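For reference, the chains in residue letters:
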Amino acid sequence: MTNERRRPRFSLRRILLVLSFLGPGLITASADNDASGIATYSMAGSIYGLDFLWIILWVTVGELVLQEVAARMGATTGKGLTDLIRERFGVRLTFLVMSGLILANLGTTVSQFAGVAAGAELFGVSRYIAVPIAAAGIWWLVTHGTYNRVEKVLLGLSLYAVAYIVSTFLVGPDWGEVLRHTVVPTFKMERTYILAVLATIGTTVTPWAAVYMQASIVDKGVTMRNYGPTRADVIFGTAMGNVVSAFVIIAVAATLFVQGIRVETAEQAALALTPVAGRWATSLFGVGLVGASLLAASVLPLATTYAVCEAFGFERGIDHAPHEAPVFFGLYTAQVVLGALVVLIPGLNLFFMMWISQVANAVLLPLVMVLMIKLANDSGLMGRWTNSRWKNVVMGIMTVLVIGATVALAMGG
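Computed from a predicted structure; not experimentally measured.

If you check helix H13 (residues 207-220), its first and last C-alpha atoms are 20 Å apart, about what 14 residues at 1.5 Å a residue would give, namely 20 Å. The element H13 is extensively covered by neighbouring structure, given that 12 of its 14 residues are classed as buried. Listed as buried for H13 are Pro 207, Trp 208, Ala 209, Ala 210, Val 211, Tyr 212, Met 213, Gln 214, Ala 215, Ser 216, Ile 217 and Asp 219. Gly 221, located one to two residues past H13, shows a positive phi value of around 85°.

The structure is reproduced here in C-alpha cells:
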C-alpha cells in the first residue's frame, strides 16, 4: 500500500502544469517552421542531403539570442520593437523596416494558405473548401478571443511537430551520418547553395518573429519580475523548433536525396515519400504541413498588424474589442482575406513567392539585428537589463554572415 501511494501519477493536469510556462517562445519558433519553411528544408534535404544540418545547429544559437533579446526588451520597456525603433531612430528608418517587413510577411502569409491547400489536397479535400474554412476559423479565433485563449489554441497547433518527428523515425535514417553532418561544416561556393543558405536563415531567424515575440510579451503583460518562465519558454521553444527543422531535412535526405529525387515544395516531398517510405510517412508529413500552415497563418498577420500599429501609434492588442482597436482588427482581417483569396486563383504557382519571401527576410534581417543591438545596449532604455557581451558577439557574427552571403549571391556566387 505504501509503495502504491508513492507511485508517481502522470495526469493530464500535472503535464499541463509542467508545461504552463510555454507561450510566445514555443509559438514563435513553431510558426517559423511554416509552409515556406518546410518547403525550404525539403528542397535543401533533397538537393544537398544532410549538408544543411550544421547550418541549423548554428542558426539555432543565433535565433535563441535574437528571440531572448526581443522578449527581454518587451518585458523591460513594455513596448513593441517597431514602437522602439520609431522612438529611437525616427519615422524614415521605421518606414524602411516596415516596408520590408510587410513585403516579406505578405508573401509568407500567402504561402501559409498555400500550405493549408496543399496539405488538404493530400487527403482529398479541395482547396476551395479547406482554405475558406481555415481563413474563417483563424479570423474568428483572433477577433473573438482573449490573449490567453488564442495562446492556448496556438500552443495546441504547435503539436504538429510530433508528425515530423515520427515520420523521420519511420524512414530510419543513419543516425551516425546525421551526427557527423550536424557537427562537421560543409560549404559550397555555388549560387544555388548560397541562395539555399539565405533561404534557410531567412525562414529560421526572421524579423517578423522578433516583432511578434516582443509584441506578444507586451500583450501578455510579462515584466522582468516574472521573466524567468518566459526565458525558459524562449529557450525550449527555439530548441524544439529547430529540432523539427532538422527532422524535416533528415527525413527528406534519407529518402529522396539518396534516390536522386529533387523537390521544390513540401507537398511534392510528401507525395514523393510514398513509394520510398510508405503511406504513413506521407500522411504524417501532410498532417505536419497543415498544422504548421494553420499556426503560421494565424501568427504572421498578427506580427504584421502589431508592427504597423506600434509604428504608427494605433490601438492594438487581442484583448481589445474590434471597435476599440479598429485598425488592428481591420488590418488583420485584410491580410487573412487577401492571403486566402490569392491561393484560390486557379493555376497560380506560389513557389517563387514563397522562396523570395524567405530571401527577403534574410536581407532585412541584418538591419533589424543592428537596430536591436543598439536598443538592447541602451542603458537609458534597458536599465540593468542591457545585453551581455557574448550576445552582442553572436548577433554581430550573425549579421556579418548574412551580409556576406547576400553580397556573394549578388556577385554571382
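Two elements in contact, helix H3 (residues 24-32) and helix H14 (residues 228-255), have axes whose closest approach is 7 Å; the angle formed by their N-to-C orientations is 20°. One finds that H3 runs roughly parallel with respect to H14. The handedness of the crossing between H3 and H14 is right-handed. On the side of H3, the interface is formed by Pro 24, Gly 25, Leu 26 and Ala 29, while H14 contributes Asp 233, Val 234, Phe 236, Gly 237, Thr 238, Met 240 and Gly 241. For the contact of H3 with H14, the class distribution of residues is 6 nonpolar, 4 polar and 1 charged.

Further remarks concern the side chain of Asn 105. Summarising the element assignment, Asn 105 is placed in helix H7 (residues 91-122). Among residues more than four places away in sequence, those in contact with Asn 105 are Trp 208, Leu 300, Ala 303 and Thr 304.

To continue, consider the pattern of salt bridges. Two side chains of opposite charge can pair, provided their charged atoms sit close to one another. All told, the structure shown has 7 salt bridges when counted by the stated rule. Residues Glu 87 and Lys 79 are paired through a salt bridge, measuring 2.7 Å at the closest nitrogen-oxygen approach. Counted as one network, the salt bridges with shared partners bring together Glu 68, Arg 72 and Lys 391.

Glancing now at the packing of aromatic side chains. By convention here, two paired aromatic rings are described through the distance between centres and the angle between planes. Summed over the entire model, instances satisfying the criterion amount to 10 aromatic pairs. Plain terms: the ring middles of Phe 52 and Tyr 193 are 5.2 Å apart, the flat faces sit at 65° to each other, and that makes the pair edge-to-face. Here Tyr 193 lies in helix H12 (residues 191-204) and Phe 52 lies in the loop between helix H4 (35-48) and helix H5 (53-77), a separation of 141 residues in the sequence. Among the residues examined, Phe 52 registers a relative accessible area of 0% and is labelled buried. When its relative accessible area of 0% is taken as the criterion, Tyr 193 is described as buried. With a centroid separation of 6.3 Å and an interplanar angle of 55°, the aromatic rings of Tyr 212 and Tyr 306 are classed as tilted. Of the two residues, Tyr 212 sits in helix H13 while Tyr 306 sits in helix H16 (residues 279-312), which places them 94 residues apart along the sequence. By relative accessible area, which is 2% here, Tyr 306 ends up buried. An aromatic cluster of three or more residues is present, and its members are Tyr 48, Phe 52, Phe 187 and Tyr 193.

Turning our attention to the confidence of the model for the protein. Of the residues in the protein, 84% have a pLDDT of 70 or more, and the chain-wide mean is 79. Counting interchain partners and residues more than four positions distant, the pLDDT-below-50 stretch residues 1-10 has 1 contact. Taken together, the stretch residues 14-18 has pLDDT below 50 and engages in 1 contact with residues farther than four places along the chain or on a different chain.

A word on the packing of H7 against helix H8 (residues 127-144). Interhelical geometry of H7 versus H8 gives an angle of 130° and a closest axis separation of 9 Å. Classed by the angle they form, the pair H7 and H8 counts as oblique. Where H7 crosses over H8, the handedness of that crossing is right-handed. For the pair H7 and H8, contact is made by Phe 113, Val 116, Ala 117, Ala 120 and Glu 121 and by Arg 127, Ala 130, Val 131, Ala 134, Ala 135 and Ile 138, respectively. Of the residues in the contact of H7 with H8, the class split is 9 nonpolar, no polar and 2 charged.

Counting residues in hydrophobic clusters, the biggest one holds 112 residues, and the most contacted among them are Phe 52, Met 73, Leu 81, Phe 113, Trp 208, Tyr 212 and Met 372. Counting residues per element, this core draws most heavily on H16, at 14 residues. Ignoring anything within four residues of it in the chain, the contact list for Leu 81 reads Met 73, Ala 210, Val 211, Gln 214, Glu 310, Val 368, Met 372 and Leu 375.

About the thresholds
- Residues numbered from 1 in each chain as written.
- Predicted model: local features only at pLDDT ≥ 70, side-chain atom pairs only at ≥ 80, totals over all residues.
- Heavy atoms only, no water.
- Helix = DSSP H or I, 4+ residues; strand = E, 2+ residues; numbered from the N terminus.
- Expected span 1.5 Å × (residues − 1).
- Buried < 20%, exposed > 50% of the residue type's maximum accessible area, 1.4 Å probe, protein only.
- Axes fitted to C-alpha atoms, helices over the stretch in contact; angles between N-to-C directions.
- Parallel < 35°, antiparallel > 145°, perpendicular 65-115°, else oblique.
- Left-handed = near helix turned anticlockwise from the far one by under 90°.
- Contact = heavy atoms within 4.5 Å.
- Nonpolar A, V, L, I, M, F, W, Y, C, P; charged D, E, K, R; others polar.
- Salt bridge = Lys/Arg side-chain N within 4 Å of Asp/Glu carboxyl O.
- Phe/Tyr/Trp six-rings, centres within 6.5 Å; stacked < 30°, edge-to-face > 60°.
- pLDDT = per-residue confidence, 0-100.
- Core = buried A, V, L, I, M, F, W, Y, C linked by side-chain atoms within 4.5 Å.

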